[in-house]
Amino acid sequence: MTNILDSVDQRTNLVGENRLELLIFRLHTSQLFAINVFKIKEVVKRPRLNQLPGSHPNISGVANIRGASIPVIDLRRAIGMRNGDCDEESNIIITEYNRSVQAFLVGQVMNIMNMTWQDIQPPPSQVGKNNYLTAITKIKKDEAERLVSIIDVEKVLAEIIDYDTQISQEVLDQSLLNHFNGRKVLIVDDSSTARGQIRETLSQLGLEVIEAHNGLHALNMLKSWCDKGINLNDELLMMFTDAEMPEMDGYKLTHEIRNDPRMRDLHIALNTSLSGNFNEAMVKKVGCDRFISKFQPDLLVEVVQDRLKQIL
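Here the residue index of a chain counts from 1 through its sequence in written order. Since the coordinates come from a predicted model, pLDDT governs what is reported: local features require at least 70, and pairs of side-chain atoms require 80 or more to be given and counted, while whole-chain, interface and lining totals use all residues. Excluded from the side-chain calculations are hydrogens and water; all other atoms, namely the structure's heavy atoms, are used.

- An unreviewed UniProt entry lists the protein under the name Chemotaxis protein CheV, with Photobacterium rosenbergii as the source organism.

1. Re the packing of helix α4 (residues 192–202) against helix α9 (residues 297–311)
A pair of packed helices is captured by two measures, namely the crossing angle of their axes and the spacing between those axes.
Okay, so step 1: One way to put it is that α4 packs onto α9 with a least axis distance of 10 Å and a crossing angle of 60 degrees. In terms of axis orientation, α4 runs oblique to α9. In terms of crossing hand, the pair formed by α4 and α9 is right-handed. Here α4 contributes I198, T201 and L202 to the contact with α9, which in turn contributes P297, L300, V301 and V304.
Okay, so step 2: Put simply, Ala, Val, Leu, Ile, Met, Phe, Trp, Tyr, Cys and Pro go in the nonpolar bin, Asp, Glu, Lys and Arg in the charged bin, and everything else, Gly too, in the polar bin. Partitioned by chemical class, the residues of the contact of α4 with α9 number six nonpolar, one polar and no charged. Under this scheme, a helix contributes an axis fitted over its contacting stretch, all axes are lines through C-alpha atoms, and angles between N-to-C directions fall in the 0 to 180 degree range. Strands are runs of DSSP state E lasting at least two residues, helices are runs of H or I lasting at least four, and both sets are numbered from the N terminus onward. For classification purposes, angles smaller than 35 degrees are called roughly parallel, those larger than 145 roughly antiparallel, those between 65 and 115 roughly perpendicular, and all remaining angles oblique. Crossing handedness follows the turn of the near helix against the far one: under a right angle anticlockwise gives a left-handed crossing, and clockwise gives a right-handed one. The contact rule is simple, with two residues in contact once any of their heavy atoms fall within 4.5 Å.

2. Focus: the UniProt feature "modified residue: 4-aspartylphosphate" (unreviewed entry) in the protein
Okay, so step 1: UniProt positions are given in the numbering used here, feature names are shortened, and annotations may be inferred rather than shown by experiment. Per the UniProt record, "modified residue: 4-aspartylphosphate" (unreviewed entry) is annotated on D242.
Okay, so step 2: Following the sequence through the fold, D242 ends up in the loop between β14 (238–241) and α7 (250–258).
Okay, so step 3: In contact with D242, not counting residues within four places along its chain, are V188, D189, D190, G250, L270, N271, T272, S273 and K294.

3. As for the sheet that holds strand β7 (residues 91–97)
Okay, so step 1: Only strands joined by at least two bridges in the DSSP assignment are considered to pair. Strand order in this open sheet of six strands is β3-β7-β8-β6-β5-β4, and the pairing throughout is mixed. The sheet is open, and its two edges are formed by β3 (40–45) and β4 (49–50), each paired on a single side.
Okay, so step 2: Of the pairings in the sheet, the one linking β3 to β7 comprises five bridges and is antiparallel in character. Note on β7: the bridge partner recorded for V44 is I92.

4. Topic: the side chain of N271
Okay, so step 1: Structurally, N271 is set in strand β15 (residues 268–272).
Okay, so step 2: Throughout, exposure labels follow a simple rule: accessible area from a 1.4 Å probe, protein chains only, divided by the maximum for the residue type, with under 20% read as buried, over 50% as exposed, and the rest as partly exposed. Look at N271 and you get buried, because its relative accessible area is 4%.
Okay, so step 3: N271 has contacts with I198, F240, T241, D242, A243, I292, S293, K294 and L300, leaving out every residue within four places of it along the chain.

5. Observations regarding the sheet that holds strand β1 (residues 19–26)
Okay, so step 1: Across the sheet, five strands lie side by side as β9-β1-β2-β11-β10; this open sheet has mixed pairing. Strands at the two margins of the open sheet, each flanked by one partner only, are β9 (109–116) and β10 (133–141). For this sheet the average axis-to-axis angle between neighbouring strands, irrespective of direction, equals 35 degrees.
Okay, so step 2: Two strands pair when backbone bridges link them, and β1 and strand β2 (residues 32–36) are joined in this way by five bridges, in the antiparallel orientation. Looking at β2, one finds that I24 is bridged to A34.

6. Regarding the environment of L219
Okay, so step 1: With respect to the secondary-structure elements, L219 resides in helix α5 (residues 215–227).
Okay, so step 2: On the accessibility criterion, L219 (4% relative accessible area) is buried.
Okay, so step 3: Taking the C-alpha atoms as reference points, L219 and K252, separated by 33 residues in sequence, lie 9.9 Å from one another.

This is how it looks when you write it as structure tokens:
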């Protein structure tokens, strides 16, 4: 099963080109689900799991993978589906999100699909705010068009891991606090959970937070302000954007902003669960000002404080 990801290191050239690859799998039903390949380290057949008494009910146990103890999350249970039985098609998908490694227990792993972000759409608004999807897409399978649900992994993790949004007092520059009042920050992220974490952090400073759910939404918002004669640097202190989003990713969004004379000076921080030197290189390539690996409240505060110092 690991062969399905053998060339994952060569796939980094897709990121920044408004493209992605999705790992398609089932959760012991005919319905198709997916997560981004770029966040996946390995796919293996379900190993023996060691139980942890008192752990979160969505944790099936801990797997020992080459000497590393990795918590395994029952993805079917975590997204609110009825419990299903594990069978010979059960696999675990080992991932790295927000600087932590965990695995997801799934059913049959199907294949990898190469997509553009334009092919990825937000879930219908009618499904409500409590769904576990960041997006949906369609693929051709067996001569028929099939719907694929892309899971909001950050929401799944946030319900298990206690992410503290409280700011450390030693990080705060008291001389700047009064200057935050009335200033606005734009957050661009397809995960409502991720937007909420940033909003809860920055609102402690008195900042007003404006939200966009993907890069295209943000770009249209910014262009409409410019069309009305609004100076973005007067309107916004800065923008935080996720890397991977439906319709337009954060790299493409940054590229579009930098190539519009009305917007090019907007201060932009890439805030993503993807980590590593690759993102540092992408920041320079597309012209972001900062790179932040999710979720680090104190670092978010340091970034907005540094930006404020630049303009005072």
